[in-house]
Structures are given as structure tokens and as C-alpha cells.
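In case you want the letters, here they are:
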Amino acid sequence: MSQGNSDNNDLINLSNALNPYIVKEQIDGELQHINLGPTHPSTHGIFENQLLMDGDIIVSSNSTVGYIHRAFEKISERRTYTQITTLTDRLNYCSSPINNIGWHLTVEKLLGIKVPKKVDYMRIIIMELARIADHLVCDSVMGVDTGALTGFTYVFQDRERIYDLYEQVCGARMTTNIGRIGGFERDFSPKFHELIKEFISGFPARLEEFARLLERNRIFLDRTVDVGGISAEKALNYGFTGPNLRAAGVDYDVRVMTPYSSYEDFDFIIPIGTSGDSYDRFMVRLQEMRESIKIIKNAYENLPEGNYHAEVPDFYLPDKPDVYTKMEALIYHFKIIMGETKIPTGEVYNSVEGANGELGFYLVSDGGRSPYRLHFRRPCFIYYQAFEELIKGHMLSDAIITLGSLNVIAGELDA
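Now for a quick tour of the structure. In this text, all values refer to a predicted model and were calculated from it rather than measured experimentally. (Residues numbered from 1 in each chain as written. Predicted model: local features only at pLDDT ≥ 70, side-chain atom pairs only at ≥ 80, totals over all residues. Heavy atoms only, no water.)

## Some remarks on the overall build of the protein
Line of reasoning, step 1. Counting secondary structure elements, the protein contains 17 helices and 6 strands.
Line of reasoning, step 2. Against the 2.2 N^0.38 benchmark of 22 Å for 415 residues, the protein shows a C-alpha radius of gyration of 23 Å, consistent with a compact globule.
Line of reasoning, step 3. Along the first, second and third principal axes, the C-alpha set of the protein runs to 80 × 50 × 35 Å.
Line of reasoning, step 4. The 415 residues of the protein split such that 56% are buried. (Helix = DSSP H or I, 4+ residues; strand = E, 2+ residues; numbered from the N terminus. Rg over C-alpha atoms; globule rule 2.2 N^0.38 Å. Buried < 20%, exposed > 50% of the residue type's maximum accessible area, 1.4 Å probe, protein only.)

## A word on the environment of Phe220
Line of reasoning, step 1. The residue Phe220 is located in helix H8 (residues 218-224) in this model.
Line of reasoning, step 2. Separated by 159 residues in sequence, Phe220 and Pro379 have C-alpha atoms that sit 26 Å apart.
Line of reasoning, step 3. Ignoring anything within four residues of it in the chain, the contact list for Phe220 reads Met142, Gly143, Thr146, Leu214, Tyr279 and Phe282. (Contact = heavy atoms within 4.5 Å.)

## Remarks on the nonpolar core
Line of reasoning, step 1. In terms of nonpolar packing, the biggest core is built from 81 residues, with Ile125, Ile126, Leu129, Ile132, Ile196 and Phe282 touching the most fellow members.
Line of reasoning, step 2. Among the elements that take part in this core, helix H5 (residues 117-145) stands out by supplying 13 residues, more than any other.
Line of reasoning, step 3. Residues in contact with Ile126, not counting those within four places in the same chain, are Pro97, Ile101, Val169, Ile178, Phe184, Phe188 and Phe192.
Line of reasoning, step 4. Of all hydrophobic cores here, the second largest spans 29 residues; its members include Val137, Ala235, Ile400 and Leu413. (Core = buried A, V, L, I, M, F, W, Y, C linked by side-chain atoms within 4.5 Å.)

## Some words on empty space enclosed by the protein
Line of reasoning, step 1. Evaluated as defined, the whole model comprises 4 cavities of 30 Å³ or more.
Line of reasoning, step 2. Considering only enclosed or pocket space, the largest cavity measures out at about 80 Å³ in volume.
Line of reasoning, step 3. Around the largest cavity, the lining residues are Thr80, Tyr81, Thr82, Val107, Leu111, Ile181, Phe315, Ile336, Gly339, Thr341, Ile343 and Arg369.
Line of reasoning, step 4. Along the lines of polarity and charge, the residues of the lining of the largest cavity split into 7 nonpolar, 4 polar and 1 charged. (1 Å grid on protein atoms, 1.4 Å probe; cavity = no way out; pocket = protein on both sides within 12 Å on 5 of 7 lines; lining within 4 Å. Points joined across faces, edges and corners; volume = space filled by probe spheres on them. Nonpolar A, V, L, I, M, F, W, Y, C, P; charged D, E, K, R; others polar.)

## Describing the packing of aromatic side chains
The description of an aromatic ring pair uses the distance of the two centres, along with the angle that the planes make with each other.
Line of reasoning, step 1. Taken as a whole and judged by the stated rule, the model has 19 aromatic pairs.
Line of reasoning, step 2. When the centroid spacing of 5.1 Å and the interplanar angle of 50° are considered together, the rings of Tyr121 and Phe266 count as tilted. On the criterion of sequence distance, the pair formed by Tyr121 in helix H5 and Phe266 in the loop between helix H11 (254-257) and helix H12 (278-301) is long-range, its members being 145 residues apart.
Line of reasoning, step 3. Under the relative-accessibility criterion, Tyr121 is labelled buried at 9%.
Line of reasoning, step 4. For Phe266, a relative accessible area of 8% translates into the label buried.
Line of reasoning, step 5. Centre to centre, the rings of Phe188 and Phe192 are 4.0 Å apart; their planes meet at 20°, and the pair counts as stacked.
Line of reasoning, step 6. What links up through ring pairs into an aromatic cluster is the set Tyr81, Trp103, Phe361 and Phe376.
Line of reasoning, step 7. Its end group placed over the ring of Tyr332, Lys335 keeps NZ or CZ at 5.0 Å from the ring centre. (Phe/Tyr/Trp six-rings, centres within 6.5 Å; stacked < 30°, edge-to-face > 60°. Lys NZ or Arg CZ within 6 Å of the ring centre and 35° of its normal.)

If you want it as C-alpha cells, here you go:
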């Protein structure tokens, strides 16, 4: 018994020394250990956070990763370059097409492939649709975490509209496997043109309706302002990118700093916050959706003429009808899928502005059918490491909204 009291006193003394927010007299005279996750409805994924609590105040926490056990990188080093596309779907599955296209751009950089301007614009349309879909999840889930379900159910109609557009391009909705090394499998269909016009015309008004539900909602403001904040300096030190960094006041965006896919043709605002708290993260994503729909409209209205893929028969899959009816096309389809075409040796890094930040691919090729080394720079894995610091001294309910505002996607934690 005396040993137990001694251990508890040590915890109390440690907590008081580490955290100025902790009250000097603990509730019931002791601290409590609780697990937030790995299976908890409010973590929206498989996360384990071991919390040391003083009543409802978080004294310290220990966040662990590894519950999905996906091992993307090592699997990729045993797959051919074309086969790896399907693995990238499973990183941030809320915006799969950005992952797919980011990987294709990396391989094209290694191979020295220059795609037509039309492919660039088509990719921008798809990637910005994916950014909107991802931000809709994050911002509407923040509403759910503060007790407002209406916005979540409302904007998921637009998520479905975006999925309908994906389906027209690649036949899939969530894990998309969209596009090809060198371009797209097919041109935009007549149905896609019909759906994208409807989305461009209708989405802005629906987004503003959603914004009015939460933007100035007193309960939402009380739950998010000054909660889970981080300074620009600390955000940079942790390696933050994307909306979470811009919410802290740093205007870094890969689309502007190192343009790709002709993003330099488009004029758009990079929204930034000031305090880096949960509310700023919500507002940055909200404004980014407004900018994304402008980019989509501009790209669609100025979609260039031309082919929807580069002329690279050694790496671009033949048309399916030809594969079924012509021996040469069948042979090339097999060679490309199985990695029997010549791959140059080299070392490249390429990144895109994912919905949650800089999504990078570090690729080393030794000329074999699979990468010698492939490393994914997953933005969620990087900023999840700051979660322990962001919630220290806050209430348990604040930890929920902070995690939601960071938009940690569990698929990016295990690589």
C-alpha cells in the first residue's frame, strides 16, 4: 500500500513540474491512466493515445502508431511501378486521386516523360476535386465532434457527387487507381462533362450554406478557438505542411513553391491563419475549398485540345480493346504490368500538395522491375507527432476536436 502511495505522489510531483495548468490538489488524490483508442468512435480511426489524466485535464500523453500494419514501402519494393499505384490509394484514402497522380508524376520524373498540356489540366481538375472531398470530411467531422451532425450529413451529398465524377473517369469511387503513368486511361466521358458542369455551378452555394452552420456558431467557436494551437516556429520544427502549417501563419504551398502539372497557369489565394488553433485549421480548409472550385472552373473552361496521354508505348498501357484482340498489345500489356520494360537507374524526389500537406515520394531505381528503395513522405505521420504537445493541459473533449482538426488519416501512419 505504501509503495502505491509513493508511486502516485511521484506522478503528482512530476505532473505539477511539467504542466502549469494542473491544479495542485488532484481529484480523489490520484491521477488516472486512460486509453483514448485504438478503437474509439471519436478518434475516427485506429489511434492509441495513452493519457495521464488529472480529473478531466490531460497531464501527459503517449501516442502510438502501427495498428494498421500495412507496410506500404516494403510491399512497393516488391511490386512493379504500375502495380504500386493501387497501394497509394490506401495512404490518405479520403483523397486517393492525389496519391495516384503524385506517384505517376514521380515515375514520369524518373523516366523523363513529358505529358500533354491537356493531361496537366485533367489532373488538376481531379486533384482539386479530391482536395474538396478531403476537406469536406475534415470540416464536417469537426462539426460532429462539437455536437453538430447536420453539416456532416449535408455535405456528404457533395462527396457522393465527387465520387460519381471519379467513377466516370476510372470506374471506382474510393480507392480509385485513377490515371496511368503518362496520363489517363481514357478521356473525360460525356457524362463526366455533364456532372462536372453541375458540380461547378451548384457546389459554391451549398458550401456557403455549410459555412453558415458553423463559421459563426457560438458553440463551435467556444469549442475550437484557442484549442490545440501551435506557433509557426513549432509547426515548422515538427515538419508541418499543408493546411495545418498555413493555419499557423506560414504560406507554404507546394503548388506555388514548386509548381507541377501547370499549376503556374492558375491564380489562386493561399489562405493562412494566425494562431494555428483548431478554428484556424477549420477556416483554412474552408477557404481552400472556395479556391479549389475556382481552380476547377478555370481548368475546365480552358481545357486544352489534344491527347489524354503521352506517347510512351513502353510505359503506357495499351487500350483494352486492343489487348483483347491484338497479340502485340497483349504482349506489351503483360510487359508493362510485370515490369519487363527497361527502367533507367536514378534517384528522384517528387512532391505534390496533398489535402493534408506535402505528399512526397523518394524513389531510388537500380534498373530493376521494382524500386530499390521507395519512401513515402506522409504528412499525417509527421504532424501526428505533435499531438501529445497540442493536447497537454487541455480537457479530454479538447483532445477530440484537436485530433479532428488535424485531420489525421490512419492510412498514412503505417508505411
